[in-house]
Amino acid sequence: MRVKGTVRSDEGPVRDVSVTLKSDPSRGTVTDVHGSFSLIAPPGSTLVFSHVGFRRQEVPVKDQAPLDVLLVASESALS
């Protein structure tokens, strides 16, 4: 199924976030300038969101509703 969504931080949309399937990291995409992404994912899969300066997040795909992912700054990146 096609999974769509938006990735944001406290400061707004985040571009160039890597969005991959946990079960197959070679299948993925990156967010656009508006933080939007679209990816084909099997039902029940988990998406992994990663970007330099933010904590990696894993989000299970439960239905076809758009995902709204909030990235949290990595404390190690703040040092």
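Here the structure is shown first, and the text comes after it.
Residues numbered from 1 in each chain as written. Predicted model: local features only at pLDDT ≥ 70, side-chain atom pairs only at ≥ 80, totals over all residues. Heavy atoms only, no water.

Chemist: For the sheet that holds strand β4 (residues 24-30), give the residues involved together with the corresponding values.
Modeler: Ordered in space as β4-β3-β6-β7, the 4 strands form an open sheet in which the pairing is antiparallel. Two strands in the sheet have a free side with no partner beyond their single neighbour: β4 and β7 (57-60). Going from strand to strand, the sheet's axes swing by 30° on average, the running direction of each strand aside. Taken together, the 4 bridges between strand β3 (residues 18-21) and strand β6 (residues 46-50) define a ladder with antiparallel strand orientation. Looking across to β6, one finds that S18 is bridged to S50. (Pairing = 2+ DSSP bridges. Helix = DSSP H or I, 4+ residues; strand = E, 2+ residues; numbered from the N terminus. Axes fitted to C-alpha atoms, helices over the stretch in contact; angles between N-to-C directions.)

Chemist: Residues and numbers for the packing of aromatic side chains, please.
Modeler: A complete count under the given rule lists 1 aromatic pair for this structure. Judged by centre distance (5.4 Å) and plane angle (70°), the ring pair of F37 and F49 falls under edge-to-face. Taken together, the residues F37 in strand β5 (residues 36-40) and F49 in strand β6 connect sequence positions 12 residues apart. Here F37 and F49 have matching classes, each one buried. (Phe/Tyr/Trp six-rings, centres within 6.5 Å; stacked < 30°, edge-to-face > 60°. Buried < 20%, exposed > 50% of the residue type's maximum accessible area, 1.4 Å probe, protein only.)

Chemist: Explain the side chain of S74 to me, and be specific about the residues and the numbers.
Modeler: For S74, the location among the structural elements is in the loop between β8 (67-70) and α1 (75-78). You can call S74 buried: its relative accessible area is 14%.

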